[in-house]
Amino acid sequence: MRGALGGPRVLLRRLREVMAEPVSAQEKLDRIVVLIAGNMVAEVCSVYVLRADNNLELYATEGLKPEAVHRTVISTDEGLVGLIASSAEPLALSDAQSHPAFSYKPETGEEIYHSFLGVPVLRAGNTLGVLVVQNRAYRVYTEEEIEALQTTTMVMAEMVASGDVQALAPPGQDIAVRRPLALKGVSLADGIGLGYVVLHEPRIIVQRMIAEDVNQELVRLDRAVQALRASIDRLLERGDVAHHGEHRDVLETVRMFANDQGWLRRIREAVISGLTAEGAVERVQSDTRARMLRQTDPYLRDRLHDLDEIANRLLHSLAGTSFGGHKGALPDNAILVARSMGPAALLDYDRSRLRGLVLEEGGPTSHIAIVARALGIPAVGEVANIVGIVETGDAIIVDGTSGDVQVRPQANVEAAYAEKARLRARRQEQYRRLRDLPAVTRDGVAVSLSINAGLIVDMPHLTETAAEGVGLFRTELQFMVAERLPSTSEQQALYEQVLAEANGAPVTFRTLDIGGDKILPYMEITDEENPALGWRAIRIGLDRPALLRSQVRALLKAAAGRELRIMFPMVATVDEFLRAKAIVGKEKAYLKRHGYPKPSAVALGVMIEVPSLLFQLEEICREADFVSIGSNDLMQFLFAADRENRQVAGRFDPLSPAGLRALRMIVTQARQHECSATVCGEMGGRPLEAMALIGLGYRGLSMPPAAVGPVKAMILELDVGALTKTLDEALRKEGSVTSLRARLETFAADNAIPI
Ligand code: PEP
Ligand code: MG
């Protein structure tokens, strides 16, 4: 059996010499395949490059017929080469022709070769091509040979990604690495943004792949690992790890990997095979990514993120640069791309240059989504592997309305989106023109429209939309973007500012709604089997009264001399509300005792989010000054369908007879008991759903600011009398249909109501 001549180090050294020669990219590739074939003692060495059309094109060969170059094209679901490209795994066969995937290309003359070794050319886990060696004899390729060939593909990957090889592509046959991609994620914040990629955590671009002195590279690697361990230990000791998502558990995992001998051994082996320390980290990470990206297990995918983070930290440690978000400064028309990002990090960026946000994680109700919406930044989440796919400076389009992301778009796609953005701007302009019209239906029913807010940056929307007030102020956002628990006076300062900006318009503050999916990084939260059904919101407030008292005190002080509206989230029993009310009573007494000025009036309300309240409406209405329906939670609990879980979140429709009857029951009973009932969940901000709510009897809706225009446009064309009749009849006669959505859409279409 023959083995590699001179080993991978000799090969890499030769490769470096070839790369430095002043010859064309094609000539370089031609020389490289000759070099590899010679080094591996193989009759054939061929390189296939993945094209944008998902076919692999033969770019260079030693041993196959030269006329096949740039002519032989293999689809990724065809043959052994296709199999390697799609699986991203090496394949070594002593008798290739007996493999079921073997397919034969007559123009290459390859039928005389029996053994076959192919490895994927990977970059950041993405396949760029396939490198193959073949022998006439039935040869068994050793682990070392497979490893050696994989190492050479690192150099190949950089070459393919560089402009030189791309220039070899015949017109219309662009290679995959720079291909336009249409990706699908989930919509986080509406709007369309066109711009250029800025990576939140910029990757270190490895410039030097091939080691000049392997021993020196090993020393560099060891030093960098030591420095990395020390820096993580320091961060963990400091305890101040809340910023930029550097949560303790992430760091603990990173520390675990930094001490993981298996991972470090693989990197050392890659260095020994001739790569620089940086090249070796990249090589090991790229292989790991390729393997893990093909996993569907969410646990394993999470580990990939951890591994990415440590690899990135190690590269920074090797480069002597500091790891941590890209701070503040942005080029014009920046679209931020990140694996995940905390709300505080987003707020650090210069809003005026930011056109969009794309994340690998982040559901529609995540904190980052709420902040992106507040800032009016189009955002898309759950875009698989986006960080691995894009490079800084790539053109990118974010459609936050549909959840589409276009990477390196072609001119026609870009033109279509630019037109879409113009149309949207025109529509916004039309909504702005509705601003000063009262929200009154055709048959004279007035509907009060308010906005949902949570940050001070939300407040200017009140004037922009001419909404009547803030129907839901989510106070937890201040806690979520802070690095530590805000003090009573810090809370008071925010509430004072909010009330000042509201300029006399009513603001309904909701007390801290944490727990469930809303985690404060600095707070110890115990692991719960079902956090949505667990220790959250008012439950925490009543069990930890100091927290609730501090907030209520801040609110009472901030509202000195004005009306204060407070509501409590996730109330499940009347008693919980009474206990919350008692806390307000105590704090009012405290203010009096210490001579602080008090609010002119205090209205206390309850969010209806837990279905148990539907059967205590009379009692709750007697005790509360108002109720507000949190339809996001109410529907998740009514249908037992997790609002964060995409597999079930869309399964049940709030416009189903069950959902609508529940909502009708609340508004009818509240009216009987002279208690105001409004809606502040997302439902109220969607024109069709808002129309249904008005038809059921609701006269107050609170919604994201961007929804005020579209909802008002709907109201202006609505005849509530006719709608209520249609809705009542449908609820009477069609109680067993899955949803009345289609029915309501028809009503809107028949009556020319924009929805
Ligand atoms: C709701 O549940 O509908 C609501 C408004 O509260 P949040 O979305 O903050 O849970
Ligand atoms: Mg809720």
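Our subject is the structure listed above.
The following paragraphs examine the structure supplied in this document. (Residues numbered from 1 in each chain as written. Chains lettered and ligands numbered in written order. Predicted model: local features only at pLDDT ≥ 70, side-chain atom pairs only at ≥ 80, totals over all residues. Heavy atoms only, no water.)

Looking at the packing of aromatic side chains
How we decide: Planes of paired rings set the category: under 30 degrees apart is stacked, over 60 is edge-to-face and the rest tilted, where pairs are Phe, Tyr or Trp rings (Trp by its six-membered ring) whose centres lie within 6.5 Å. Any residue under 20% of the maximum accessible area for its type is buried, any over 50% is exposed, and the rest in between are partly exposed; the area is computed with a 1.4 Å probe on protein chains only. Criterion for a charge above a ring: Arg CZ or Lys NZ at most 6 Å from the ring centre, at most 35 degrees from the ring normal.
Tallied over the full model, the rule gives 5 aromatic pairs. Between tyrosine 590 and tyrosine 596 the ring centres are 6.3 Å apart and the planes differ by 20°, which places this aromatic pair in the stacked class. With a relative accessible area of 16%, tyrosine 590 lands in the buried category. Joined through ring pairs, the aromatic side chains of Phe473, Tyr495 and Phe509 make up one cluster. Seen from the ring of tyrosine 590, arginine 553 lies directly overhead, with NZ or CZ sitting 3.5 Å from the centre. Looking at lysine 557, its charged tip hangs above the ring of tyrosine 596, at a distance of 4.3 Å from the centre.

A short note on the side chain of aspartate 513
The condition that has to hold: Each helix is a run of H or I in the DSSP string that is no shorter than four residues. Each strand is a run of E no shorter than two, and both are numbered from the N terminus. Contacts are assigned to residue pairs with any non-hydrogen atoms lying within 4.5 Å of each other.
Summarising the element assignment, aspartate 513 is placed in the loop between strand 17 (507-510) and helix 18 (538-543). Residue class for aspartate 513 comes out buried when judged on its relative accessible area of 0%. Once residues within four sequence positions are removed from consideration, aspartate 513 is found in contact with Glu476, Lys518, Arg536, Ala537, Pro569 and Met570.

Considering the site of ligand 1
Rules: The rule for a residue being near a molecule or strand is that one of its heavy atoms must lie within 4 Å of it. Under the rule applied, a polar contact is a pair of N or O atoms within 3.5 Å (in protein, one hydrogen donor and one hydrogen acceptor; residues adjacent in sequence only if both atoms are side-chain atoms). Surface accessibility in these figures is a Shrake-Rupley result with a 1.4 Å probe; residues are shielded only by whichever protein chains are displayed. Each residue is assigned to one class: nonpolar for Ala, Val, Leu, Ile, Met, Phe, Trp, Tyr, Cys and Pro, charged for Asp, Glu, Lys and Arg, and polar for all the others, Gly among them.
Near ligand 1 lie 14 residues; those nearest to it are Arg474, Arg510, Gly630, Asn632 and Arg643. A distance of 2.8 Å separates an oxygen atom of ligand 1 from a polar side-chain atom of arginine 510. Its free accessible area being 290 Å², ligand 1 has 99% of it covered by the protein chains. Taken together, the elements giving at least two residues each to the shell around ligand 1 come down to strand 16 (470-474) and helix 22 (631-638). At 3 residues, the largest contribution of residues to the shell around ligand 1 is made by helix 22. Within the shell around ligand 1, the residues separate by chemical class into 3 nonpolar, 4 polar and 7 charged.

Section: the packing of helix 25 (residues 687-696) against helix 27 (residues 720-733)
Formally: Helix axes are fitted only over the stretch in contact, all axes being lines through C-alpha atoms; the angle between N-to-C directions runs from 0 to 180 degrees. Any angle that is under 35 degrees is reported as roughly parallel, and any over 145 degrees as roughly antiparallel; angles of 65 to 115 degrees are reported as roughly perpendicular and all others as oblique.
It is the contact of helix 25 with helix 27, at a shortest axis distance of 8 Å, that shows an interaxial angle of 90°. Accordingly, the angle class assigned to the pair helix 25 and helix 27 is roughly perpendicular. Residue-level contacts link Met691, Ala692, Ile694, Gly695 and Leu696 of helix 25 to Val720, Leu723, Thr724, Leu727 and Leu731 of helix 27. The class makeup of the residues in the contact of helix 25 with helix 27 is 8 nonpolar, 2 polar and no charged.

A few points about the nonpolar core
Put simply, the rule is: What is meant by a nonpolar core is a set of buried Ala, Val, Leu, Ile, Met, Phe, Trp, Tyr and Cys residues, joined one to another through side-chain atoms within 4.5 Å.
Residues Met341, Leu346, Leu357, Phe568, Met691, Tyr698 and Leu701 are the most contacted members of the largest nonpolar core, which totals 129 residues. With sequence-adjacent residues up to four places away left out, phenylalanine 568 is seen in contact with Thr511, Ile538, Leu548, Phe577, Ala580, Val584, Leu604, Gly605, Val606 and Met607. With 70 residues, the next largest nonpolar core counts Leu131, Met156, Ile310 and Ala311 among its residues.

A short note on helix 22
Taking burial as the measure, the 8 residues of helix 22 include 7 buried ones, the bulk of the element. Within helix 22, burial applies to Ser631, Asn632, Asp633, Leu634, Met635, Gln636 and Phe637. In the core, the buried residues of helix 22 are packed alongside strand 16, strand 19 (601-608), strand 20 (626-629), helix 24 (657-672) and strand 21 (676-679). Just downstream of helix 22 lies alanine 640, where phi reads positive at about 50°.

Observations regarding unusual backbone geometry
With a phi close to 60°, asparagine 385 is a non-glycine residue in the positive phi region. Of note, asparagine 385 is situated in the loop between strand 12 (379-381) and helix 13 (386-389). One non-glycine residue, asparagine 503, lies in positive phi territory at about 55°. As for its placement among the helices and strands, asparagine 503 is situated in the loop between helix 17 (488-502) and strand 17. Relative accessible area serves as the criterion here: at 68%, asparagine 503 is assigned to the exposed category.

In short, geometric facts, not functional conclusions.
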